[in-house]
Every structure is written in C-alpha cells, then in structure tokens.
Amino acid sequence: MSRPSHIGNLDGTMSTHDSTSARPEQDSPGKTLWGGRFNAGMAPEMIPLNLSLGVDRRLWREDIRGSMAWARALAEAAVISDRECGLLLEGLEQVGARMEREGLSDAPDEDIHSAVERMLHETVGSVAGKLHTGRSRNDQSSTDVRLWGMAAADRVLEALRMLVGALLDMAEQGIDHVMPGYTHLQQGQPIRAAQWALAHAWAFLRDGERVRAARRAASVLPLGSGAVAGCPFPVNREGLRVALGFARVSENSVDAVSDRDWICDLVYAGAMAGMHLSRLGEDLVLFSSTEFGFVRLSDGFSTGSSLMPQKRNPDAAELARGKAGRLAGNLQAILTLLKGLPTGYNRDLQEDKVPLFDTVDTLLLTVPAMAGAVASAALRPERMLAAMDSQLLATDLADYLVRCGVPFRESHEVVGRLVRRAEDDGVPLAELPASVFHQEHRAFADDVYDVFDWLRSADARDSDGGTSRRAVVEQIEKARDRLAQG
Ligand code: ARG
C-alpha cells in the first residue's frame, strides 16, 4: 500500500487546526471533517492509524459517481437548488478530470471521501459543503465499495471464463487420448485426457456461480441510510438505486451501514477459486515433470534457472498454487473482522477493503496467467500411454467375470490374485498366459485379452459424466453451454 510520503508527519503541525476558522472544509493534513466538536487536533500517533486513503484511493471513480447521484437526489428533494446541484455536478466532473490527470499521489486526506470533498471545495468553493447533507461516510463508503465490487466481480468472471474456455479447448484436444485416472495418486482406471481437463473446468464453472451470487449480494444500495438511522430528507432511494445501477435498496439502515456479507461471499468465492487454482497448479507441476511428462507448458509460462541450464520450471502453476494461501487467508481476515462487532457501523469495518481488494487483485493476476498457461500447454499423449500399466484394467477384468455371472466380490478376489501373480512373475497383467487366467477362474476364455484395450475400457464407462467418448463429448457441450450462459 502506498502512503503519501508526508502523512504521518510527526512534528504535530498536521494535527492542530483552528476550529474557530470559517474555512468549511479540511485543507491541511490532520484537519478533520468533524472539527466543530473538538478542541484539540488529532494526536500524531493517531493520524497514520486513522488513514485509509492508501487503500481506498482506488474508489475515487465510484465516490464521484455516488456523489453525483446524491447531489441530484438532494436537488430532487429540494434540499439544494438546481443551481447548486449544477455547480456540484460540474465540480465533481472537474474533480474526476483532475484525478484522471494528476492522480492522488500526495493527497493529505484521511480517506477517498474526504479527498473528493476537499477537491470539490477547491473547485467550486463553499457550495461543496452542501453535498454531504443527509449522508454519512458510513453509507457513502459502503455504496462506493459495492459499486466497485460489482465491477470487480464482472472482471473476475471474465477471467474465469477465459480459464474455463482454455480448459475446454484442452479437453477437446484430449478426447481421443487416454491417461491414467488417479485415486490416491495411484493409477486407478484409464480415463480420456479430456475427462481430466473437464474436471478442472467444472470446478471453475462453480467458482463463477459463486462470484455471480456474491455480485447479486453486492447489488444492494445502502445510500440513504445515513450514519445509522436513515436520512431525514425526502431523497428518493429508488431513484438512487436506478441511477447507480443497483438491483435492490437496502431494507434497514442499521444493517445497511454494517452489512459486509457480500464481501464475505466474494472473498469466499475467491478462496475457493484459489483452492481450485492450486489443485490445477499442482496437476500441472506434477504432469509437466520429467517423470510424468503428460503436459508440456509453453516457454511463455515457464522459467529457467540462473544456475541449472537444463531447467524449465512450471512457475505459473507453482505461483497459482502459492496464491491459494493468501486467498484463504483473506477469508479468515474478513470473517474475523466481522465477528463480534456490535450492531451498526464500527470503524473496524474500514478494514473490509484490504482482504476484498487483495482477493480481487490476486485473482486478476492469477486466473489470466493460468488461462494462458493452459491455453498454450500441449498434451503429450505418448507420455501418457507410456506411463500406463495394464493393472489399470484390473477392474475391467473383474467386470469381465461379472458379465459371466460371477458375483463382483468374488471376481474382485480372483483378479486380486492375478495381479499378485503377475507381480510375483514380473510380467504385466496383460501378459499372463491364458492358462493362468483360466486356472484362477474357469469363466476366463481366450477373449480375456480383449479387455486390455484402453479406449474400450473408457468407452465402457458410458454413464452420463463418465469417460466414454459419447459422455465426454456431451460434457464438453454442456460445459460450453454453461460458459455461454454465464
Ligand atoms: N474511511 C472509512 C471507510 O473506509 C469511512 C469512514 C467512516 N468513518 C467514521 N468515522 N464513521 O469505511
């Protein structure tokens, strides 16, 4: 977090202000928005603690947008004149242009709301003092963050869509290739490579649903709730809702200034996405290793070593795996922040933005990189085949006996003995002589060797969601539909 360099000036000069001064707005560091009630200024140690501009500066567009809507609502309610409203709107526009031009680099203000108000005063003079009528920074900041959060959710959704799209493209490339399907990271049963890529795609599609749900929860207008009790002027909250693009108006002013549920929702969605990214990352790390070699990551998403010339490291995947920790940590942070707060606004709530912003930033950094890593990765079907042991078909062998009427528990036992025999003899299961099969169970005929066919095994699993060609192709279609709907 960058902090204006002169903030935290400890010589005390920032903290004194003349409360009898006619200046209506803060215009020096340490001058506050509540001067009237105080004799002494803020203590030097308190000033830096009190600041949130370093974090909330990114809300300046939302703050201006919300303020413009508020100015119009005040005029409509005849709290300010149309002329005053015009001045405020023009001033806010100029403040926006100035922000765009100059940024906020050395603003001395406590937070973005005070910064915008100060700049408005510098632009239009004392009429700026009318803007905050009936409004509190409690409903104002909550409104700003929600506006920001809705747009952020859209960006996260777009990034997730790219990642799912890349996984679905990879699935398409893997339709006719087989690889070991793992349980306990031991070879279990053959699957189409598409099935593996699709497993990740579905997880990220669910993340998208969670982000959308969080966005819906964010889309509630708090403005008009005041500090805690509502607004004493007849502002049209429904009009504000429409003007600012919210889906609903908050139902209770006390709840409105302290409800951060949607942040929890979004940060939770982020933690889950992080967990899924870490699992995809782990698969890519493992599968791109020399030992597996199922996947080759492109140069663009790999790094070399400064020491070992041969190295090709899957850093994108490792970093994605690593980011999961902070995404999960942000969830812990926001829940712990909220737990035990008394009803209504509490200053603790200012900390809500730290985990929220970090989650969104982290996702917008990580998801596009993983999308790129997946999109540019190549499957290596020959390496998948080379890794496959015919024991992957032990279940199919048991199913062969089941089709001959043998109870599964018995056939499981029989095949278990065959596997042990193959291991003892040091031959692949598929190469045991027919006599050995027959000896273990007389239902085994010469066609037992037909079992040892990867694609046949995969196609036998034709249940919806299974790994047969039909089921996999259908799955890709369904996932593409879901992606198009999102
Ligand atoms: N800067 C604060 C925030 O980010 C809003 C300030 C509200 N302050 C107050 N004392 N009520 O939430």
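Residues numbered from 1 in each chain as written. Predicted model: local features only at pLDDT ≥ 70, side-chain atom pairs only at ≥ 80, totals over all residues. Heavy atoms only, no water.

(A) Region of interest: the site of the ligand. The ligand sits among Ser-52, Asp-56, Asp-111, Arg-137, Asn-138, Ser-141, Tyr-345, Gln-350 and Lys-353. Contacts to the ligand include Asn-138, whose side-chain N or O atom sits 2.8 Å from a nitrogen atom. When the ligand is considered free in solution it has 350 Å² of accessible area, and contact with the protein chains removes 85% of it. Looking at the shell around the ligand residue by residue, the class counts come to one nonpolar, four polar and four charged. (Near = heavy atom within 4 Å. Polar contact = N/O pair within 3.5 Å; in protein donor to acceptor, adjacent residues only side chain to side chain. Areas by Shrake-Rupley, 256 points an atom, 1.4 Å probe, with all protein chains shown as cover. Nonpolar A, V, L, I, M, F, W, Y, C, P; charged D, E, K, R; others polar.)

(B) Region of the structure containing the confidence of the model for the protein. In the predicted model, the protein carries a mean pLDDT of 93, and the fraction of residues at 70 or more is 94%. pLDDT under 50 marks residues 1-27. Its contacts with residues more than four places away, or in other chains, come to 52 contacts. (pLDDT = per-residue confidence, 0-100. Contact = heavy atoms within 4.5 Å.)

(C) Structural detail: the pattern of salt bridges. Here the structure, examined in full by the defined rule, presents 36 salt bridges. A salt bridge links Asp-207 to Arg-210; the shortest N-O distance between them is 3.1 Å. Of this pair, Asp-207 and Arg-210 both sit in helix α7 (residues 193-218), three residues apart, which is roughly one turn of that helix. Owing to a relative accessible area of 21%, Arg-210 belongs among the partly exposed residues under this scheme. In this structure, Asp-352 and Arg-260 form a salt bridge, with 2.6 Å as the shortest nitrogen-oxygen distance. You can see Asp-352 sitting in the loop between α11 (315-338) and α12 (353-375) and its partner Arg-260 sitting in the loop between α9 (253-256) and α10 (261-287), a full 92 residues away along the chain. Linked by salt bridges that have partners in common, Arg-98, Arg-101, Glu-102, Asp-109, Arg-118 and Glu-122 make up one network. (Salt bridge = Lys/Arg side-chain N within 4 Å of Asp/Glu carboxyl O. Helix = DSSP H or I, 4+ residues; strand = E, 2+ residues; numbered from the N terminus. Buried < 20%, exposed > 50% of the residue type's maximum accessible area, 1.4 Å probe, protein only.)

(D) Broad picture of helix α14 (residues 394-403). Residues Ala-394, Asp-396, Leu-397, Ala-398, Tyr-400 and Leu-401 constitute the buried set of α14. In the core, the buried residues of α14 are packed alongside α15 (408-425), α16 (434-440) and α17 (454-460).

(E) The packing of α14 against α15, seen in detail. With their axes 8 Å apart at the nearest point, α14 and α15 run at an angle of 135° to one another. Of the possible angle classes, the one that applies to α14 and α15 is oblique. Along this stretch, α14 crosses α15, giving a crossing that reads as right-handed. Each of Ala-394, Leu-397, Ala-398, Asp-399, Leu-401 and Val-402 in α14 lies in contact with α15, whose residues at this interface are Phe-408, Ser-411, His-412, Val-414, Val-415, Leu-418 and Val-419. In the contact of α14 with α15, the residues fall into 10 nonpolar, two polar and one charged. (Axes fitted to C-alpha atoms, helices over the stretch in contact; angles between N-to-C directions. Parallel < 35°, antiparallel > 145°, perpendicular 65-115°, else oblique. Left-handed = near helix turned anticlockwise from the far one by under 90°.)

(F) Here's a closer look at the packing of aromatic side chains. Going through the model one piece at a time under the given rule, you end up with 11 aromatic pairs. One aromatic cluster in this structure is built from Tyr-182, Trp-196, Phe-287, Phe-292 and Phe-294. The ring of Phe-38 has Arg-37 sitting right over it, with the charged end atom 5.8 Å from the ring centre. When the ring centre of Phe-357 is taken as reference, the NZ or CZ atom of Arg-58 above it lies at 4.3 Å. (Phe/Tyr/Trp six-rings, centres within 6.5 Å; stacked < 30°, edge-to-face > 60°. Lys NZ or Arg CZ within 6 Å of the ring centre and 35° of its normal.)

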